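# A closer look at the structure
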Amino acid sequence: MLRTHRCWAAVLTVVGLAIASLCSAQDIASFDPQLDEHQALWLKAGEPVAAQAVQSGEKADLVIHAALDLPEIRPLLQRYSREHPGMLLHYVNRSALALEARYLAAPLTPRADLMISSAMGLQYRLANGGHARPLQAANLTGWPESSRWRNELFAMSFEPIVMVARRDALKRLADSEGLRDPRDALRSHRDLWHLLETRRELLRGRVITYDPRRSGSGFTYAVSDARQSPRYWTLVRAMGQADARLVTTTGAMLEALANGEVDIAYNLVGPYAISFARAHPELLVIVPEDYVLIQRRLAFVPRQAPHGDAGEAFLDWWLSLEGQQAVASDSDLGALHPEVSGDGSARDLRERLGNALRPIEIGPGLLATLDRLKQASFLSRWALEFRAPAPRPRSGSEPASESESESESEPDSESETGPAPETQSTPASPATLDD
């Protein structure tokens, strides 16, 4: 029996890793995760400084390496730079996977004074491995325990994972459902499943989401969804049967929506979607009402940071009341401070959605799905469900119920990533890209 289990484990590993590699050159040609500084900014006294203009040999006083798009953080960097006019600040944005890879290439001589990433599992693994410096600044030691690990790893944001739809498409779908308010057509995960089942031809090729085989973020959200809802696999199957498009970034989903190539996007990073929708009023951001995954970007100061005190000072400012008010006013990243309110803040989301919020917890559970065998097992099932053939037409007009649909595949009592607390999940590293 033991030998049989080992054989199956080996098969799952091979199959899963093979699936993870199935991405065409065309799909990934637009981005190379190993590119060094695909977004960088030099600042002094709040003003941009051209890299060529930086004096030869002059080094930055604060270097931040992050997996956080520059448009989201630029106003905050400029504000901090203005408050410290004598400081030369250098910010570099990379994919989450490249961020960790670059750091591990030279962990004893890191170039960063502060590391920020949405890949919570990778950040936790570095901190747990002794790479993070314990911090003592007042705002850091006073940060809520649920938003930090020891005094080494700190949550900097509160970002809902959302859906986005074209308003004209919602109007058509609402009309087909006999609904007066187009927004009532899509308010929850169950609504999306219902539309995919009952309006499959209308939505064929018009839905887009992450490919968890090629995106660390997509893998994170897929695992989290599977833990939140036992019927997650029916949604995966429904998307596959509707020929949903698969991509590797929130940005790619938003561009496809804006270009009219698709009607609905699933599991996008909230701040990016909200910011984009401001410039595209034809799009509607939907925060699901049944449950909302919450991503939190984690930050730490490397033990060997060249200017560790500067990194700690920046993080202390960010988590202060002043800094959190700036986060609320200058970005969509979601202020965490309990005294800060406003759209998108943790306080606002808790007041509106209450128990529907599902923050990914900071703790040992984040290491669970960094295990290659568990990754392979999960991705194997995901691929099988996504490729499942559509059911034969039913005699009635209604689709199979969710419970009936779920029974068509082999049930399991636990997520295929192994038992873990309901709200925990982690990014994977079979991916080529992270937001």
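Anyway, here's the lowdown on the structure attached to this text. Keep in mind that this is a model prediction, so the values were computed, not measured.

### Focus: the overall build of the chain
- Summing up its helical and strand segments, the chain has 18 helices and 15 strands in all.
- A total of 435 residues make up the chain; the buried ones form 56% of that total.
- Look at the contacts in the chain between residues 6 or more apart in sequence, and 81% of them connect residues 24 or more apart.
- Approximately 18,600 Å² of the chain is accessible, and the part contributed by carbon and sulfur atoms is 50%.

### Quick notes on helix α3 (residues 70-83)
- Over its 14 residues, α3 runs 19 Å from end to end, which matches the ideal 20 Å to within 8%, given 1.5 Å per residue.
- If you check which residues of α3 are buried, you get Leu70, Glu72, Ile73, Leu76, Leu77, Gln78, Tyr80 and Ser81.
- On its buried face, α3 sits against β1 (39-44), β3 (62-66), β4 (88-93), α13 (270-278), α14 (308-318) and α15 (321-330).

### Description of the sheet that holds β1
- Taken together, 8 strands build an open sheet; the order of strands is β2-β1-β4-β3-β5-β14-β7-β6 and the sheet is mixed. Looking at strand neighbours, the two that pair on one side only are β2 (47-48) and β6 (148-149), the edges of this open sheet.
- Across 5 bridges, β3 lies against β4 in parallel orientation. Each residue of the ladder has a partner; that of Val63, found in β4, is His90.
- Contacts from helix α4 (residues 96-105) reach β3 and β5 (114-117), with the element oriented near 150 degrees to β5.
- Against the sheet, helix α5 (residues 120-128) contacts β5, β6, β7 (153-155) and β14 (298-300), and its axis sits at roughly 25 degrees relative to β14.

### Topic: the pattern of salt bridges
- The final tally for this structure, using the stated rule, is 26 salt bridges.
- Put simply, Asp263 and Arg172 hold a salt bridge, and the shortest N to O gap is 3.7 Å. You can see Asp263 sitting in the loop between α12 (250-258) and β11 (264-269) and its partner Arg172 sitting in helix α7 (residues 167-177), a full 91 residues away along the chain.
- You can call Asp263 buried: its relative accessible area is 4%.
- By relative accessible area, which is 41% here, Arg172 ends up partly exposed.
- The closest approach of N and O atoms between Arg199 and Glu177, which form a salt bridge, is 3.1 Å. On the criterion of sequence distance, the pair formed by Arg199 in the loop between α8 (189-198) and α9 (200-203) and Glu177 in helix α7 is long-range, its members being 22 residues apart.
- Linked through salt bridges whose partners overlap, the residues forming this network are Asp181, Arg183, Asp184, Arg187 and Glu289.

### Describing the pairing of β3
- Counting buried residues along β3, 5 of its 5 residues qualify, which places the element largely inside the surrounding structure.
- A two-sided burial pattern is seen for β3, the buried positions comprising Leu62, Ile64 and Ala66 on one face and Val63 and His65 on the other.
- Handedness of the crossover joining β3 and β4 through α3: right-handed.
- Pairing of β3 with β5 involves 3 bridges; the strand directions are parallel.

Rules behind the numbers
- Residues numbered from 1 in each chain as written.
- Predicted model: local features only at pLDDT ≥ 70, side-chain atom pairs only at ≥ 80, totals over all residues.
- Heavy atoms only, no water.
- Helix = DSSP H or I, 4+ residues; strand = E, 2+ residues; numbered from the N terminus.
- Buried < 20%, exposed > 50% of the residue type's maximum accessible area, 1.4 Å probe, protein only.
- Contact = heavy atoms within 4.5 Å.
- Areas by Shrake-Rupley, 256 points an atom, 1.4 Å probe, with all protein chains shown as cover.
- Expected span 1.5 Å × (residues − 1).
- Pairing = 2+ DSSP bridges.
- Axes fitted to C-alpha atoms, helices over the stretch in contact; angles between N-to-C directions.
- Salt bridge = Lys/Arg side-chain N within 4 Å of Asp/Glu carboxyl O.
- Right-handed = clockwise from strand over helix to strand, strands pointing away.

The quantities given are spatial measurements derived from coordinates; they are silent on function.
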